[in-house]
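Report on the structure
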Amino acid sequence: MTRILLFLICLVCAGTATAHQTMPHSEGDKGELTLQRTASTAQREEAPVRIQFWDEHGNLTPAMLSLANANDWREVPLAQQFLPNELHRGRASSRRQWRGKFPIHSSGETVLSLPDGQYTLTAGKGLEYRREKVSFEVVAGKGVSLSVKLRRWIDLPSQGWWSGDPHVHVTRDSAKQDMAILTAAMAEDIHLTSTLQMGDANALFFSSRQTGRAANLHNGNYWLASGQEDPRTPELGHAIMLNTNRLYRDTDNYYLYGDLFAQARAEGAVTGLAHYFQAKFHTYRAGALLFPDGLVDFVELLDNSDIFRPELYYDALNLGFRIPVSAGSDYPWGDHIGDQRTYVKLRPQQTLDPQAWYEGLKAGRTFVTQGPLIQFSINDRDIGSILQVEDGEALKIRAAAQAPPYIGSPQRLWLVSMGKVVAQVSRNERDDKALTLLYSDIVKGSRWYVVVAQAHNGALAHSSPIYVIADGQPARLRGDGLQALVDKQRKILQTEGREAIPPEQRTDAYLSWLKRIESYYDSITP
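Residues numbered from 1 in each chain as written. Predicted model: local features only at pLDDT ≥ 70, side-chain atom pairs only at ≥ 80, totals over all residues. Heavy atoms only, no water.

**Here's the deal with the environment of Gln411**
- Inspection of the secondary structure assignment puts Gln411 in strand 24 (residues 410–417).
- The class for Gln411 is partly exposed, based on a relative accessible area of 32%.
- With 155 residues separating them along the chain, Gln411 and Leu256 place their C-alpha atoms 44 Å apart.
- Sequence-distant contacts of Gln411, defined by excluding residues within four places in its chain, comprise Val425, Ser426, Arg427, Leu435, Gln454, Ala455 and His456. (Helix = DSSP H or I, 4+ residues; strand = E, 2+ residues; numbered from the N terminus. Buried < 20%, exposed > 50% of the residue type's maximum accessible area, 1.4 Å probe, protein only. Contact = heavy atoms within 4.5 Å.)

Given below as structure tokens:
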């Protein structure tokens, strides 16, 4: 059945490819790609190179591939066969795993039309498969067939962890387009892709012919699900709603994020804030307003900008709010689906589907990564756990990060608690072995802990917190530290949250909301 489904995918993607290529296709082609012509290749006779990719179960599988000249290692620019990224056409990938290369999607079987010469094919599939390299020669007039077996170096689904990209923008106007998106995600080994309609107060972009859960579809354990990045304002930032039942918009009260979040969550949606770092789009202002009412289920800590500034997130945790992390590619602003990805752990015996994945995201069983894969536990309790303890109890903390060097072999791994680094390990070696951190602590009040990894190639990973709750008290700062944070929130609300908002949007309802949230912050300080 899997082979039949993938054969159908190949046919669909071939149809997509014909609109973007210079060579005509015969009926039934699997999708032929041509080199971008240069003076050195235009007069050389070409031959077909048929490539098939096989997974560990012996099934044809979508994958990513790039091509280089074997003699001088110059990368060969190939046009995407399907789902081309118009914002990055002709540009080399910026993802560390493919940096400097021109990777393209394969539906499982791809035909390249190449001039004679010697080539090196590089193949991969997300972060859990090894990089495969195959050298071959093209002789004028003679076809070549290649069979590439993809091998795992780790199998996270077998441990309950499933990859996702909850921040993708693609127009979904046909079943053929849906299949192209899903196949591209499969090539990246992204098991849950959330396609988000994007809005502002005046318009919607990246339309979908279906909305809500009716738009969900899958091929085995690979899913497409719909959602929205809306509302979006320059003053309060960008909101994300996942697992939506419908489109949530109120252009007459566009700055009342809280009302929309409450409506969506009441109908089963999972709500979050995109780009939650530094001052990008000022999403921290929305956070100051939404966190006290418990309306934010996650914040996006990594996106296509490659900015890593977790201080605002740590401020929110230090105020006692329990908030998981997510990461997303923001495709097509990001090069590829899955450039930044979120791993979610399902409950034992739980089957993967969008509902289960979003449930795990909301519960905080997540880590985000650009390469390294991390493990983290306290007293054998995993990421997202809430440990109820008493002062003086011992804590045994274990963290590890691992990946092959070409994906992101970890150089440094550190443990953060209450916004401060409390332990770290590092190494110079670049290999497949795990970098492990062991740390012992004694409970002295409630605290939160996260782990962060950085690879030699710069790729980052960050866990959601584990909370250690002593005597039922919230895991937040005390004394002067808490007062400073509360003063910071008051300033955000009283100046940016008020004066930065367009006058026509400072309605009685908005100002009443603002006043109520200010009162909350007053209530948590002595």
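We are not done yet, so read on.
**Some words on the sheet that holds strand 4 (residues 104–106)**
- Read from one edge of the open sheet, 4 strands run 4-3-6-7, paired in antiparallel fashion. One side of each edge strand has no neighbouring strand; the edge strands of this open sheet are strand 4 and strand 7 (132–138). The average undirected angle you get between the axes of adjacent strands in this sheet is 35°.
- Alignment of strand 3 (residues 63–69) against strand 6 (residues 117–124), held across 6 bridges, turns out to be antiparallel. For Ala68, the partnering residue across the bridge sits in strand 6 and is Thr120.
- The sheet strands contacting helix 2 (residues 175–187) are strand 3, strand 4 and strand 6, and the helix crosses strand 4 at an angle near 100°. (Pairing = 2+ DSSP bridges. Axes fitted to C-alpha atoms, helices over the stretch in contact; angles between N-to-C directions.)

**Topic: the packing of aromatic side chains**
- The full count for this structure, using the stated rule, is 12 aromatic pairs.
- Geometrically, the ring pair formed by Tyr343 and Phe367 is stacked, given 5.0 Å between the ring centres and 10° between the ring planes. Linking Tyr343 in strand 18 (residues 341–345) with Phe367 in strand 19 (residues 366–369), this pair joins segments that are 24 residues apart in sequence. Residues Tyr343 and Phe367 agree in their burial class; the two are buried.
- Measuring from ring centre to ring centre gives 5.9 Å for Tyr510 and Trp513, while their planes differ by 85°; the resulting arrangement is edge-to-face. Residue Tyr510 and its partner Trp513 are located together in helix 8 (residues 508–523), separated by 3 residues, close to a single helical turn. Accessibility classification places Tyr510 together with Trp513 in one group, the buried group.
- Three or more aromatic residues link up through ring pairs in this structure, and these residues are Tyr276, Phe291, Phe321, Tyr520 and Tyr521.
- Over the ring of Tyr467 we find Arg322, and its NZ or CZ is 5.6 Å from the ring centre.
- Between the NZ or CZ atom of Arg412 and the centre of the ring of Trp414, over which it lies, the distance is 3.8 Å. (Phe/Tyr/Trp six-rings, centres within 6.5 Å; stacked < 30°, edge-to-face > 60°. Lys NZ or Arg CZ within 6 Å of the ring centre and 35° of its normal.)

**Examining helix 8**
- Compared with the 22 Å implied by 1.5 Å per residue over 16 residues, the 23 Å span of helix 8 between its first and last C-alpha is a close match.
- If you check which residues of helix 8 are buried, you get Tyr510, Trp513, Leu514, Ile517, Glu518 and Tyr521. Along the long axis of helix 8, the arc covered by the buried residues comes to 135°, so they all point the same way. Across from the buried face of helix 8, at angles greater than 90 degrees, the exposed residues are Asp508, Lys515 and Ser523.
- The elements touched by buried residues of helix 8 are helix 3 (257–266), helix 4 (283–290) and helix 7 (479–499). (Expected span 1.5 Å × (residues − 1). Arc of directions from axis to C-beta.)

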